[in-house]
Number of protein chains: 2
Amino acid sequence: MNFLEERILKDGIVKPGNVLKVDSFLNHQMDIGLMEEIGREFHRRFSDKQVTKVLTIEASGIGIACFVAREFGVPMVFAKKSKSINIEGDVYVAEVESFTHKNRNQVVVSKKFLSPEDHVLIIDDFLANGCALQGLISIVESAGATVEGLGIVIEKGFQMGGRVIRNLGYHLESLAIVDAMDPETESITFREQPVG
Amino acid sequence: MNFLEERILKDGIVKPGNVLKVDSFLNHQMDIGLMEEIGREFHRRFSDKQVTKVLTIEASGIGIACFVAREFGVPMVFAKKSKSINIEGDVYVAEVESFTHKNRNQVVVSKKFLSPEDHVLIIDDFLANGCALQGLISIVESAGATVEGLGIVIEKGFQMGGRVIRNLGYHLESLAIVDAMDPETESITFREQPVG
């Protein structure tokens, strides 16, 4: 079991409806030491890649992506969920459906910050049905840039998102893959992964 | 002139309507080295405070707040802008008006993450009319916790937010205070501040 799986077992809370609450350390309150460890782990897993930018989506991906970008020594860009008057018209756009909020958002990245020369590592906290990641992939492809890989903190292995993205041929690394959760027994089953 | 003012002059863009675009290094693409320097500077300016939590609001405050929290060795909590089904009912709520998006949001923080024992440093990227900061102050006070100070990256000194918060007696530090901007000449006038 890796450091993240241990932390999920210690502080994660399983709720009915396949909800895993990790808001005490990951996506509401953030344990900064854990963020740094996550940054180092993604750097290790993608150490063979020439990464020029880390891309994530607001909001809860930002903190994690910051520490990944720090390890690679590159800028971090976060996609914004609604068109702000402070973003210029020249943007890449993708439509993203939110599992959590049950709505659709336009996600935008300014064309200034992604170019065909960029090699992009996409980072996010959760992967379930994969809509957010597909939107980010679409934005990178629109820019003519290269998706070097995708790093996810927690993948819900019983939903389709991870399978779809791996089937498309992308290098996807999830630090923890939850294959099953039981709110009654509070048990979590992680998929076995090779230890690096 | 400090490191941030220099960077604003170098890469900030003045737009009509008192808009200062800093999206190439602060709130869309993030220069991680700059974020770390901002974290160290806030730690220096609030070094006499006993900070137990750093509080910000999604989305663009998160990256900055992470690096401030790292310097203090404490957790970071970010207020969420809409009630998510993943946040439990037990939350502190404030109403916040957005100058950028011209709408009102409910901002929530789970009661689990702020207690009367907490000494909170509030961090955000921009201060204009101060609605976001007032909402965060209100949330900290609701929790019975102590506001140790407020750290802002860029304050628009020609708007009321900073004056109101200082008048209320809070310790507010802004790394750059813009007193005037002229989109025609692309000039920016910073308020003189004591060098630490």
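Residues numbered from 1 in each chain as written. Chains lettered and ligands numbered in written order. Predicted model: local features only at pLDDT ≥ 70, side-chain atom pairs only at ≥ 80, totals over all residues. Heavy atoms only, no water.

Draft legend 1. Summary view of the overall build of chain A. Within chain A, the regular secondary structure consists of five helices and 11 strands. Here the C-alpha radius of gyration of chain A, 16 Å, is about what a compact globule of 196 residues would show, namely 16 Å. Going through the 196 residues of chain A one by one, you find that 56% of them count as buried. For chain A, restricting intrachain contacts to residue pairs at least 6 apart in sequence, the fraction spanning at least 24 positions comes to 59%. Side chains of chain A carry 21 positive and 28 negative charges; the gap between the two charge centres is 4 Å. (Helix = DSSP H or I, 4+ residues; strand = E, 2+ residues; numbered from the N terminus. Rg over C-alpha atoms; globule rule 2.2 N^0.38 Å. Buried < 20%, exposed > 50% of the residue type's maximum accessible area, 1.4 Å probe, protein only. Contact = heavy atoms within 4.5 Å. Lys, Arg positive; Asp, Glu negative; His and termini not counted. Charge placed at Lys NZ, Arg CZ, Asp CG, Glu CD.)

Draft legend 2. Molecular detail of the sheet that holds strand E5 (residues 76–79) of chain B. The strand order across the open sheet built from seven strands is E3(A)-E5(B)-E4(B)-E8(B)-E9(B)-E10(B)-E11(B), with neighbouring strands paired in mixed fashion. Strand pairing shows two members of the sheet lacking a second neighbour, strand E3 (29–30) of chain A together with strand E11 (187–190) of chain B, which therefore form its edges. Judged from the six bridges that link them, strand E9 (residues 146–156) of chain B and strand E10 (residues 172–182) of chain B form a sheet pairing that is parallel. In the strand pairing of E10(B), Leu150(B) is matched with Leu172(B). The strands touched by helix H1 (residues 3–11) of chain B within the sheet are E9, E10 and E11 of chain B, with E10(B) carrying the most contacts at an inclination of about 30°. Contacts from helix H3 (residues 61–72) of chain B reach E3 of chain A together with strand E4 (53–57), E5, strand E8 (119–127) and E9 of chain B within the one sheet, and its direction differs from that of E4(B) by about 175°. (Pairing = 2+ DSSP bridges. Axes fitted to C-alpha atoms, helices over the stretch in contact; angles between N-to-C directions.)

Draft legend 3. Main features of the relation of the copies chain A and chain B. It takes a turn of 180° to lay chain A on chain B, together with a shift of 0.0 Å along the axis; the resulting RMSD is 0.0 Å. The two molecules are tied by a two-fold rotation axis, judged by turn and shift. (Least-squares fit on C-alpha atoms with pLDDT ≥ 70 in both.)

Draft legend 4. Broad picture of unusual backbone geometry. All names here are of chain A. With an omega of 0°, the peptide bond running from Glu 58 to Ala 59 counts as cis. Structurally, the position occupied by Ala 59 is in the loop between strand E4 (53–57) and helix H3 (61–72). The phi dihedral of Asn 18 is positive, around 60°, even though this residue is not glycine. Along the chain, Asn 18 falls in the loop between strand E1 (13–15) and strand E2 (19–21). The phi angle at Glu 186 is positive, at roughly 55°, despite the residue not being glycine.

Draft legend 5. Representation of the side chain of Asp23(A) within the structure. Tracing the backbone through its elements, the reader meets Asp23(A) in the loop between E2 and E3. In this structure the side chain of Asp23(A) is engaged in a polar contact, spanning 3.2 Å, whose partner is the side chain of Lys21(A). (Polar contact = N/O pair within 3.5 Å; in protein donor to acceptor, adjacent residues only side chain to side chain.)

Draft legend 6. Spotlight on the pairing of E11(B). In E11(B), alternate side chains face the same way, and those of Ile188(B) and Phe190(B) are buried while those of Ser187(B) and Thr189(B) on the opposite face are not. Connecting E10(B) to the antiparallel partner E11(B) that follows it, the hairpin turn spans four residues, and Glu186(B) within it adopts a positive phi of roughly 60°.

Draft legend 7. Spatial organisation of the packing of H1(B) against helix H2 (residues 32–45) of chain B. All names here are of chain B. One can describe the packing of H1 onto H2 by two numbers: an axis separation of 11 Å at closest approach and a directional angle of 145°. Between H1 and H2, the contacting residues are Phe 3, Leu 4 and Arg 7 on the first element and Leu 34, Glu 37, Ile 38 and Glu 41 on the second. Its residues placed into classes, the contact of H1 with H2 shows four nonpolar, no polar and three charged. (Nonpolar A, V, L, I, M, F, W, Y, C, P; charged D, E, K, R; others polar.)

Draft legend 8. Expanded view of the nonpolar core. Counting 76 residues, the largest nonpolar core has Ile38(A), Met76(A), Ile38(B) and Met76(B) as the members making the most contacts within it. The contact partners of Met76(B), leaving out residues within four places of it in the chain, are His28(A), Gln29(A), Met30(A), Ile32(A), Val54(B), Thr56(B), Ile62(B), Ala65(B), Cys66(B) and Ala69(B). (Core = buried A, V, L, I, M, F, W, Y, C linked by side-chain atoms within 4.5 Å.)

Draft legend 9. Spatial organisation of the packing of aromatic side chains. Counted according to the given criterion, the structure contains three aromatic pairs over all chains. Note on Phe67(A) and Phe67(B): the rings are 4.9 Å apart at their centroids and 45° apart in plane angle, and the pair reads as tilted. Here Phe67(A), found in helix H3, pairs with Phe67(B), found in helix H3, and the two come from separate chains. Since its relative accessible area comes to 1%, Phe67(A) is described here as buried. (Phe/Tyr/Trp six-rings, centres within 6.5 Å; stacked < 30°, edge-to-face > 60°.)

Draft legend 10. Structural detail: helix H2 (residues 32–45) of chain A. Compared with the 20 Å implied by 1.5 Å per residue over 14 residues, the 20 Å span of H2(A) between its first and last C-alpha is a close match. Among the residues of H2(A), the N-terminal cap falls to Asp31(A), whose side-chain oxygen and the backbone nitrogen of Gly33(A) are separated by 3.0 Å. (Expected span 1.5 Å × (residues − 1).)

Draft legend 11. Region of interest: the packing of H3(A) against H3(B). It is the contact of H3(A) with H3(B), at a shortest axis distance of 8 Å, that shows an interaxial angle of 65°. It follows that H3(A) is roughly perpendicular to H3(B) by the angle criterion. Of the two elements, H3(A) crosses H3(B), and the hand of that crossing is right-handed. Contacts from Ile62(A), Gly63(A), Cys66(A), Phe67(A) and Arg70(A) in H3(A) reach Ile62(B), Gly63(B), Cys66(B), Phe67(B) and Arg70(B) in H3(B). Considered class by class, the residues forming the contact of H3(A) with H3(B) number six nonpolar, two polar and two charged. (Parallel < 35°, antiparallel > 145°, perpendicular 65-115°, else oblique. Left-handed = near helix turned anticlockwise from the far one by under 90°.)

Draft legend 12. Geometry of the interface of chain A and chain B. Each partner contributes to the interface: chain A provides 41 residues, whereas chain B provides 40 residues. Each partner contributes to the roughly 3,400 Å² buried at the junction of chain A and chain B, and carbon and sulfur atoms together form 59% of this total. On the surface where chain A and chain B come into contact, there are four salt bridges. The partner of Asp23(A) in a salt bridge is Lys112(B), with the nearest N and O atoms 3.1 Å apart. Our enumeration of links across chain A and chain B arrives at 14 residue pairs in polar contact (both at pLDDT 80 or more). (Buried area = accessible area lost by both parts, 1.4 Å probe. Salt bridge = Lys/Arg side-chain N within 4 Å of Asp/Glu carboxyl O.)

Draft legend 13. The arrangement of the sheet that holds strand E11 (residues 187–190) of chain A in detail. Strand order in the open sheet formed by seven strands is E11(A)-E10(A)-E9(A)-E8(A)-E4(A)-E5(A)-E3(B), with mixed pairing between adjacent strands. What marks the edges here is a single partner per strand, and that holds for E11 of chain A together with strand E3 (29–30) of chain B. Here E4(A) pairs with strand E5 (residues 76–79) of chain A via four bridges, running parallel. Residue pairing for E5(A): Ile57(A) is matched across the bridge by Ala79(A).

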